[in-house]
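Reading the structure
Here is what each chain is made of, one letter per residue.
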Amino acid sequence: MQNDQHTAPFMTSYDFLQLIAKACQSYREKSSKEGFVSFLRDHIFCHLGPFFIEIYFRDDCQNTFIPCPSGPHPVPQKHTACVPTQIPADDPLLADLLVHHIPTLFHNERDADSFLASTGNLTQIILPIIPEDQTTALLYIGCRENLTFPDDYLQGIQTITTIIGSWLRSKDVLSQIENAMASLEYSEQLQQAMYEISEQAHVTSTTRDLFLSLHEIVGRFINARNFLIALREERDGDQYLKFAYFSDELDSHLEGMEFKIDPKREHSMTSFLIQKGKPVLLGPGDFDQFCQENNIKYFGSKSYSLIAAPFYLDHLAGVVVVQSYREFIYTEKDKDLLAYVARHISDALARKKTIDDIRNTNEIFSLFMRYSPVYILFKDVTESQNRVLQASRNYKKITGKSDSEMIGLTMHQLFPDDFAAKVIADDWQVVSSGIPTQLEQHLHGRIYHSIKFPITQENRTLVAAFSVDITEQKQMEEALHESDRRYLIIFDKSPFGVVCFNPKGEVFDFNDKFIELMGSTRKKLLGFNAVRQSSPIVQKNLKKALAGEITSCEESYTSVTGDKARYLRGIFCPVVPGQSPTEVIATIEDITEQKEYENEQHKIEKLESLGVLAGGIAHDFNNILTGIMANISFAQIFLDAGHKSKHILAEAENASRRAAELAQQLLTFAKGGEPQKKVISIESLIREAVSLMFRGSNVKADVAIDSKIHAMEADAGQISQVLNNIIINGNQAMPDGGTFHIIAENEFLPEDNSYGLTPGNYIKVSLKDEGYGIAPKDRQRIFDPYFTTKMDGTGLGLASAYSIITRHKGHIAVDSNVGEGTVFTIYLPSIGTSLPEHLVVAPKKNHPHQGGTILVMDDEEMIRDIAEAMLTHLGYTVTTCSRGEEAIELYRKSLEAETPFGVVIVDLTIPGGLGGEDVARHIRTISPTACLIVSSGYSNDPVMANHQEYGFCASIAKPYNIGEVEQTLNSLPEH
């Protein structure tokens, strides 16, 4: 191609004509592009002069012009170095040439950046070859010398380019005709395949079935023995790659594999191809280099040749890959075809997803209508008609018809007329206004909450109605409303104070009772922080409650104003037990009266415990006094009236009687002196006590007694003892004189009285002095046994009074302020009517004793001995024993001997054995007419006070003397 460049002869026009004629004779239209270029080099380029000549064809993919390899005779390496390796289509030097198709001449172009610089030529010309309207090829002519081309030479060269353009046009037409004929069938086959790909989205049931069909279709046009589809998905902000389909002769186990894409690590081939977004063709020579350059870590076996084309959906990206492991090499045509197929695969997947979504939506809708707990209707609504289109299955509960039976029916065919008319009106209102509505409907005794809204579909308007059965909810709401109402009533009217604390311990709600108990105001209590400002015990318990623990406490409380002192109990309940912190609700109860009652009970328990001791002492003391008094009285019988010992023994007997009175006082304290009750007038007792106690005193008595004061059933002696003790204390409290006030009146106590007494009629007696009063610290102890503030006091007076009043089922209380005096208030049960002050009692007739046999049972030997001596002196035959069992046996034997005892005297209490009551019961069993006398040191025992009720003919209290024994025996009925 290179001639001697020392001479530069240029062809003439004639030479050009001859060259063109010869070339046209040798031209063959059906030669290949390589053969055509060889023809040009052999028959034309070599005759154009001593120049470097090359033809370049346009490559649209790379936007450049490149030389085409020639046929079997390659161009010498020396020639290729003197022409451009390629001519860039976007180079500014070619702007006029490519736009206006004008040949361009270059002289001395030495720009290093120019594509012409590497040729070393000083003169260069580029001419366009235009088969049609666009430059599709270029003719390059270069010369080492700086020459000027003659015009006729340039015209000849342009003629050559025109002929080459016409030849290229003719070759293209023929080639196009041949290719069109060949590709028409191929195109038809391809279009059919693409149609099949599209249809597979409708006919395949699963995505894998779709991929199998795609694999088979692609295999018709490409060697797709090894075919895979990979999908990229995004979940929770991360991207994952999954081999959704992987049919491979070596790596089929990779199907279904999924891995997370880490942008910081090496790419896999599939993830890189998706990211790059362009089709790729790799052959055996460039596979490794491609992986290395793009930082790709290849999974599975290495490909021999590979083509891949990515595709994209809205939220999904993928790539389809076809590869071979030996021999077969894919071409650009295969790559283009796969790219074309990938677009259709993308469309098929999108269509498949849409179809699956629709199918899934329809299935979900069907299941929704089948299993919905909400009643659903879709209706076609116009002004003239209202018919069911769809109904949920559960509507059968309402209409009695299945969902399929309801389709097409009107509202009047489904519901009662009045209800149907209301539904039709509501539906039309929704349609005409286009505004959803909510309403409450009542049908067949049930209540439904319905939501209706319009749905526009083409040229008709539907109404969707969702209804929920809220009957139970309504009932619950009503019950809750009633519960709230009751709660407010309970809260407001509660007899307890109720207060609510927030988690900080601040008061935020309370009832009126709480205000009353606190003696404060709502304004002061609201916001009060009890954790910081309450008493230590309240703070401690409230903190526990705020921490979720239920607590309670009791303490005395004085109101802020100081005019109310109470004893309160608080129960602190956390709103959420176990949670910390939590709100707390506390109930506050006034237990002042309860505490007073407990103190009273405690006092009673103390009196009873001490009473047991006092009673035992009095009993034993009476037994001893019985021996003393009986012996003294018996000894006096044997002395003459003038005997000087007579007076001494009489004094000793009087002393014994005073000792007996002390024992009697102990018994009264111990057991309250079991009252020997009879109907009496309280007025006579009060006036007798006043007359006796204030005689010779400088204290004036002011007595006010209701004229219709009731009588009562009581022990007159014990009540007199109570009055005397209180009057004495009042008299002594006013050493400088004063007035002692006594008020007696009738009063009825209701069932809920504060004294804990049985409801009914009572006599209320108030005794008030004007003395110095009782100190608060002593006021709680004045009824305690042996408590006294007097130097010479015994401490039994008020304790006995308390015991007596309690035994009479009454109540005694004291109220006193230092410097203002003391008031004792007594409540005693009355009979409810007034009676004469004095009852006339017929005197008993005594019969002189007639002698006989007497059995005496007593555990004290001294008493048995003196009793035997006195009774023998009185003319009786006496038998004694110490045990109840022995007395019963002696009496039984006397009956068997038909000489029964005329009288049996038994001691009431025998430690460790049968007492008098049990002995009497046994003897009466074997002899109902037996004459029994009970004797006891517990002179005020119920058996002693009411001996006849227990089967005894008489009672004799210890200590006794011979005269009292004789009088008791004489009072017995004749046998």
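Bear in mind that the values here come from a model prediction, so they are computed numbers and not experimental data.

Section: the overall build of the chain
Helix and strand counts for the chain stand at 29 helices and 34 strands. Out of the 975 residues in the chain, the part that is buried amounts to 44%. Once local pairs closer than 6 in sequence are excluded, the contacts in the chain between residues at least 24 apart make up 60%.

Regarding unusual backbone geometry
Going from Ser580 to Pro581, the amide bond is cis rather than trans, its omega being -5°. Geometrically, the link from Lys958 to Pro959 is a cis peptide bond, its omega value of 0° lying close to zero. As for its placement among the helices and strands, Pro959 is situated in the loop between strand S34 (954-957) and helix H29 (962-970). One non-glycine residue, Glu327, lies in positive phi territory at about 65°. In this fold, Glu327 is placed in the loop between strand S12 (317-324) and helix H9 (332-371).

Some details on helix H1 (residues 13-26)
Two residues of an α-helix separated by three or four positions point the same way, owing to the 3.6 residues in each turn. For H1, built from 14 residues, the straight-helix expectation of 20 Å at 1.5 Å per residue is met to within 8% by its first-to-last C-alpha distance of 20 Å. Within the span of H1, buried status applies to Phe16, Leu19, Ile20 and Ala23. All buried residues of H1 project into a common sector of 100° when viewed along the axis, lining one side. Set apart from the buried face of H1 by more than 90 degrees, the exposed residues are Tyr14, Leu17, Lys22 and Gln25.

Observations regarding the environment of Ile719
Residue position: Ile719 is located in helix H22 (residues 716-732). Among the residues examined, Ile719 registers a relative accessible area of 2% and is labelled buried. Sequence-distant contacts of Ile719, that is, excluding residues within four places in its chain, are made with Ile682, Leu685, Met712, Ala714, Ile804, His808 and Leu828.

Some remarks on the sheet that holds strand S30 (residues 852-857)
Spatial ordering of the open sheet is given by S31-S30-S32-S33-S34, a layout of five strands whose pairing is parallel. Taken across any chain shown, the strands that pair with only one partner, and hence form the sheet edges, are strand S31 (876-881) and S34. Averaged over all neighbouring strand pairs, the angle between strand axes comes to 20°, with direction disregarded. Summarising the sheet, strand S32 (residues 903-907) and strand S33 (residues 932-936) pair through four bridges and their orientation is parallel. Across the sheet, the residue bridging to Val906 is Val934, located in S33. Of the strands in this sheet, S30, S32 and S33 touch helix H27 (residues 916-926), which is tilted by about 150° from S32.

Observations regarding the packing of aromatic side chains
One pass over the structure, following the stated rule, counts 23 aromatic pairs. Note on Phe365 and Phe378: the rings are 5.8 Å apart at their centroids and 55° apart in plane angle, and the pair reads as tilted. Taken together, the residues span a long stretch of sequence, with Phe365 in helix H9 and Phe378 in strand S13 (residues 375-381) at a distance of 13 residues. On the accessibility criterion, Phe365 (33% relative accessible area) is partly exposed. Among the residues examined, Phe378 registers a relative accessible area of 13% and is labelled buried.

As for the pairing of strand S29 (residues 821-829)
Look at any regular strand and the pattern is simple: side chains alternate between the two faces of the sheet. Buried residues dominate S29, accounting for seven of its nine residues. One ladder, built from seven bridges, connects strand S27 (residues 760-768) with S29; its direction is antiparallel. Residue Lys764 lies in a different strand from S29, and its bridge partner there is Tyr827. Bridging between strand S28 (residues 811-817) and S29 involves seven bridges; their strand directions are antiparallel. Of the residues in S29, the one forming a bridge with Val814 is Phe824. The turn linking S28 back onto S29 is made up of three residues, and Gly819 within it adopts a positive phi angle of 90°.

Focus: the confidence of the model for the chain
Per-residue pLDDT for the chain averages 82, and the proportion of residues at 70 or more is 87%. Note that residues 1-7 has pLDDT below 50 and, in this model, 19 contacts with residues that lie over four places away or in other chains. Note that pLDDT drops below 50 for residues 837-845; the model gives that stretch three contacts with residues more than four away or on any other chain.

Brief notes about the side chain of Thr104
Mapping Thr104 onto the fold places it in strand S4 (residues 104-107). Overall, Thr104 belongs to the buried group, its relative accessible area being 16%. Polar side-chain contacts of Thr104 include one of 3.3 Å to the backbone oxygen of Ile102. Look past the residues within four positions of Thr104 in its chain and what remains in contact with it is Leu93, Leu97, Gln124, Ile125 and Ile126.

Some words on the pattern of salt bridges
One pass over the full model with this rule turns up 30 salt bridges. Taking the shortest distance from any N to any O, the salt bridge between Glu472 and Arg446 comes out at 2.8 Å. Taken together, the residues Glu472 in helix H14 (residues 471-493) and Arg446 in strand S16 (residues 446-457) connect sequence positions 26 residues apart. Residue Arg446 is classed as partly exposed on the basis of its relative accessible area, which comes to 28%. For Arg485, the salt bridge is made with Glu482, and the minimal N-O distance between the two is 2.4 Å. With Arg485 and Glu482 both in helix H14 and three residues apart, the pair spans about one turn of that helix. Look at Arg485 and you get partly exposed, because its relative accessible area is 39%.

Here's the deal with the sheet that holds S12
Reading across from one edge, S9-S8-S7-S12-S11-S10 is the order of the six strands in this open sheet, with antiparallel pairing throughout. Edge positions in the open sheet fall to strand S9 (258-260) and strand S10 (280-282), since each of these has one partner strand only. Adjacent strand axes in the sheet meet at a mean angle of 20°, parallel and antiparallel pairs treated alike. Sheet topology places S10 next to strand S11 (residues 305-312); three bridges connect them, and they run antiparallel. In the strand pairing of S11, Leu281 is matched with Ile307. Seen against the sheet, helix H7 (residues 269-276) touches strand S7 (226-235), strand S8 (238-247), S10, S11 and S12 and runs at an angle of roughly 125° to S12.

Details of the packing of helix H25 (residues 861-873) against H29
Put simply, H25 and H29 touch, their axes get as near as 10 Å, and they point 60° apart. When the interaxial angle is binned, H25 and H29 end up oblique. Handedness of the H25/H29 crossing: right-handed. Residues Met870, Leu871 and His873 of H25 form the contact with H29, whose own contacting residues are Ile962, Val965 and Leu969.

What to know about the side chain of Lys335
Its location among the elements puts Lys335 in helix H9. The class for Lys335 is buried, based on a relative accessible area of 17%.

What counts, and at which threshold
Residues numbered from 1 in each chain as written. Predicted model: local features only at pLDDT ≥ 70, side-chain atom pairs only at ≥ 80, totals over all residues. Heavy atoms only, no water. Helix = DSSP H or I, 4+ residues; strand = E, 2+ residues; numbered from the N terminus. Buried < 20%, exposed > 50% of the residue type's maximum accessible area, 1.4 Å probe, protein only. Contact = heavy atoms within 4.5 Å. Expected span 1.5 Å × (residues − 1). Arc of directions from axis to C-beta. Pairing = 2+ DSSP bridges. Axes fitted to C-alpha atoms, helices over the stretch in contact; angles between N-to-C directions. Phe/Tyr/Trp six-rings, centres within 6.5 Å; stacked < 30°, edge-to-face > 60°. pLDDT = per-residue confidence, 0-100. Polar contact = N/O pair within 3.5 Å; in protein donor to acceptor, adjacent residues only side chain to side chain. Salt bridge = Lys/Arg side-chain N within 4 Å of Asp/Glu carboxyl O. Parallel < 35°, antiparallel > 145°, perpendicular 65-115°, else oblique. Left-handed = near helix turned anticlockwise from the far one by under 90°.

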